[in-house]
Amino acid sequence: MVGDDGVRTDDDTRLLHSGGKSTPDLLRRRAGEAESAPDAVVLPGSHEQVCAVLAQCAEHRVAVVPFGGGTSVVGGVEPERGGFSSVIALDLRLLDGLLEVDAESQTATLQAGLRGPEAEALLSEHGFTLGHFPQSFEHASIGGFAATRSSGQASAGYGRFDGKVVRLRVATPNGELDLGRAPASAAGPDLRQLFLGSEGALGIITEVTVRVHPTPQEVESEAWSFPDFATGAKALRLLAQEGALPTVARLSDEAETMINLATAHDVGSGEQTGGCLMITRYEGPRIAARPRVAELLAEAGGSSLGAGPAEKWDHGRYHGPYLRDALLDVNAVVETLETACTWSRLAETCDAVRAALTESLQAQGTPPLVMCHISHVYPTGASLYFTVACGRGEDPVAQWMRAKRAAGDAISRSGATITHHHAVGVDHRAWLTDEIGELGVQVLRAVKSTVDPSGVLNPGKLIP
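Being a predicted model, the structure only gives us computed values, none of them experimental.

**Here's the deal with empty space enclosed by the protein**
- One pass over the structure, following the stated rule, counts one cavity of 30 Å³ or more.
- As for the largest cavity, its lining consists of Leu337, Glu338, Lys404, Ala407, Gly408, Ile411, Ile418 and His428.
- With four residues, the single largest contributor to the lining of the largest cavity is helix 14 (residues 396-413).
- Residue classes in the lining of the largest cavity are distributed as four nonpolar, two polar and two charged.

**Considering the state of the cysteines**
- Tallied over the full model, the rule gives zero disulfides.
- Here cysteine 350 stays unpaired: no disulfide links it, and the sulfur of cysteine 372, its closest cysteine neighbor, is 4.0 Å away.
- Of the cysteine sulfurs around cysteine 390, a residue in no disulfide, the closest is that of cysteine 372, at 17 Å.
- Judged by relative accessible area, which is 9%, cysteine 390 ranks as buried.

**Section: the packing of aromatic side chains**
- All chains considered together, the criterion is met by three aromatic pairs.
- Ring centres of phenylalanine 137 and tyrosine 318 lie 5.5 Å apart, and the angle between their planes is 25°; this geometry places the pair in the stacked category. Of this pair, phenylalanine 137 sits in the loop between strand 7 (128-129) and helix 5 (142-147) while tyrosine 318 sits in the loop between helix 11 (308-315) and helix 12 (323-329); the two residues are 181 residues apart in sequence, bridging distant segments of the chain. Grouping residues by exposure puts phenylalanine 137 and tyrosine 318 together as buried.
- Among the aromatic residues, those joined into a cluster by ring pairs are Phe133, Phe137 and Tyr318.

**Section: the nonpolar core**
- Leu236, Leu357, Ile374, Leu384 and Phe386 are the most contacted members of the largest nonpolar core, which totals 51 residues.
- What leucine 384 contacts, discounting residues up to four positions off in sequence, is Phe229, Leu337, Glu338, Thr339, Cys341, Leu346, Thr349, Cys350, Cys372, His373 and Ile374.
- Formed by 32 residues, the second largest nonpolar core is a distinct cluster that contains Ala108, Phe128, Ala147 and Leu168.

**What about the pairing of strand 12 (residues 219-226)?**
- Within strand 12, six of the eight residues are buried, leaving the element largely enclosed by the surrounding structure.
- Where strand 12 and strand 14 (residues 276-283) come together, eight bridges link them in antiparallel fashion. Within strand 14, the position partnered with tryptophan 224 by the bridge is methionine 278.
- Of the strand pairs in this sheet, strand 12 and strand 15 (residues 303-306) are connected by three bridges, and their pairing is antiparallel. Across the sheet, alanine 223 pairs through a bridge with glycine 306, a residue of strand 15.

**With respect to the sheet that holds strand 6 (residues 107-111)**
- Reading across the sheet, the five strands line up as 5-6-10-8-9 and stay open at both edges, with antiparallel pairing between neighbours. Looking along the sheet, the strands with just one partner apiece sit at the ends: strand 5 (98-102) and strand 9 (175-179). Taking the axes of each pair of neighbouring strands and ignoring which way they run, one obtains an average angle of 10° across the sheet.
- When strand 8 (residues 165-172) meets strand 10 (residues 204-211), the two strands line up antiparallel, connected through six bridges. Bridge pairing in strand 10 links leucine 168 to valine 208.

**Comments concerning the environment of glycine 301**
- Mapping glycine 301 onto the fold places it in the loop between helix 10 (290-299) and strand 15.
- Glycine 301 gets classed as partly exposed once you look at its relative accessible area, which sits at 34%.
- Along the backbone, glycine 301 and tryptophan 224 are 77 residues apart, and their C-alpha atoms lie at a distance of 9.8 Å.
- With residues near it in sequence (within four places) discarded, glycine 301 still touches Ser225, Phe226 and Pro227.

**Examining the side chain of histidine 376**
- Examined against the element boundaries, histidine 376 turns out to sit in the loop between strand 17 (369-374) and strand 18 (381-391).
- Within polar-contact distance, the side chain of histidine 376 engages the side chain of serine 151 at 3.1 Å.
- Those residues in contact with histidine 376 that sit more than four places away from it in its chain are Ser151, Gly152, Gln153, Ser155, Ala382, Ser383, His420 and His421.

**A few points about the sheet that holds strand 16 (residues 332-342)**
- Here seven strands make up an open sheet; going across it, the order is 15-12-14-13-17-18-16 and the pairing antiparallel. Edge strands, defined here as strands with exactly one partner in the open sheet, are strand 15 and strand 16. With direction set aside, neighbouring strand axes in the sheet form an average angle of 25°.
- Where strand 13 (residues 248-252) and strand 17 come together, two bridges link them in antiparallel fashion.

**Describing the UniProt feature "domain: FAD-binding PCMH-type" (unreviewed entry) in the protein**
- Within this numbering scheme, the UniProt entry marks residues 34-215 as carrying the feature "domain: FAD-binding PCMH-type" (unreviewed entry).
- Between the first and last C-alpha atoms of residues 34-215 the distance is 43 Å; the span itself is 20% helix and 27% strand.

**Notes on the layout of surface pockets**
- Roughly 390 Å³ of internal volume is contained in the second largest pocket.
- Around the second largest pocket sit 23 residues that line it, and Arg149, Leu196, Gly197, Val424 and Leu462 are the ones nearest its centre.
- Those elements that place two or more of their residues in the lining of the second largest pocket are helix 7 (192-195) and helix 15 (432-451).
- With four residues, helix 15 is the largest single contributor of residues to the lining of the second largest pocket.
- Here the residues of the lining of the second largest pocket sort into 11 nonpolar, eight polar and four charged.

**Let's talk about the pattern of salt bridges**
- By the definition in use, this model includes 26 salt bridges.
- Between aspartate 329 and arginine 30 there is a salt bridge, with the nearest N and O atoms lying 2.9 Å from each other. Placement of aspartate 329 in helix 12 and of arginine 30 in helix 2 (residues 23-30) is noted, with a sequence separation of 299 residues between them.
- Of the charged contacts in the structure, one is a salt bridge between arginine 354 and aspartate 253, with a shortest N-O distance of 3.1 Å. Note that arginine 354 is positioned in helix 13 (residues 346-363) and aspartate 253 in the loop between strand 13 and helix 9 (254-263), a separation of 101 residues in sequence.

Reading guide: rules and limits
Residues numbered from 1 in each chain as written. Predicted model: local features only at pLDDT ≥ 70, side-chain atom pairs only at ≥ 80, totals over all residues. Heavy atoms only, no water. 1 Å grid on protein atoms, 1.4 Å probe; cavity = no way out; pocket = protein on both sides within 12 Å on 5 of 7 lines; lining within 4 Å. Points joined across faces, edges and corners; volume = space filled by probe spheres on them. Helix = DSSP H or I, 4+ residues; strand = E, 2+ residues; numbered from the N terminus. Nonpolar A, V, L, I, M, F, W, Y, C, P; charged D, E, K, R; others polar. Disulfide = S-S within 2.5 Å. Buried < 20%, exposed > 50% of the residue type's maximum accessible area, 1.4 Å probe, protein only. Phe/Tyr/Trp six-rings, centres within 6.5 Å; stacked < 30°, edge-to-face > 60°. Core = buried A, V, L, I, M, F, W, Y, C linked by side-chain atoms within 4.5 Å. Contact = heavy atoms within 4.5 Å. Pairing = 2+ DSSP bridges. Axes fitted to C-alpha atoms, helices over the stretch in contact; angles between N-to-C directions. Polar contact = N/O pair within 3.5 Å; in protein donor to acceptor, adjacent residues only side chain to side chain. UniProt positions renumbered as here; feature names shortened; annotations may be inferred. Salt bridge = Lys/Arg side-chain N within 4 Å of Asp/Glu carboxyl O.

Here's what the structure looks like:
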């Protein structure tokens, strides 16, 4: 179905598809664990080939794990067998084309295997940008953005990825769907929403039509300092609720600011020694909002630090994940988790998660450094993104998973979402029932039984 070159069974290729990019994934690879490697990696070259592969895998009861950029940090691409004797990784890298640009409607149709940088390069030839720049941007794929409801660092200006999607083409073991034909519709429930965030458990997204934006000709940046996290968060709320957000709006807490200041020589000309750092960035039409944003931030207690710290952040914004390898070499474990909640619950949720992480890791004999920042804001609330660093215990995977369970329980008790943009995968599945209810889980299971009757699609992910 896919040609001789479309099936790989060599050890190197299988190992590269044995998991994602979380710290536990890195630790397992360093330990030489290969039990989770798929039996084969299959590389279809078209939507029709994806459909054919799924039909055969359903007939012969072979589990299928879709694989885009492999950047999941929640176990979303672990090749679990789910009771089946065989499992393949379905690598979509050959579906890497820009199929159409509708300049008048400002939409573009992209194949699911196209990586972030390549998508931007192709769109730029037509004068457009996707405006979607998550930290995984260098490796993640268009299909992965859709399947996980990804949110990029410029979400304040360009929005989340799921909000950009106009049309989806999806392959399932029971047939295919082509969803979305107008900018808005009242033709029943929006079935696109079943597959946005479905993580390959309901179908394989092969094509995505999205809104695109003219490439900005001007970019301006400015950093701000606030006396504390609460004051900075209130300032972000005022911006969001007035509709005066820049393209990027990001606030670090005191601990994260301290780390940033320790490595940024130009912050406040070396005179700024505390508080909380806010990064703002303006692109294209958003530049017109800069005077009003500056006025609101100053009134809310902020002090401008100039462009330097913001430009430094922009220069290194994709570097963070790579530092984990160096830190693992010196027996330090660094990992992240995120959530989102309403403004009225922001402080409570932040304190609860920080306390849960600290108490869990201290009880295991490894006092942590817990840092937090807000990187996505809405009129009704914001995300909280935590970075945790601690000494490496005897069993670092178990060490982190205990801390993650404590944090997940704290998030759930606080009434926040278990994930804002990392998706559910394996790691967050235990809390999904609490978030959507037993009936919500039954709805998901009913959909899966319709589109994937044999249950071969990404077993063990998303659905409790």
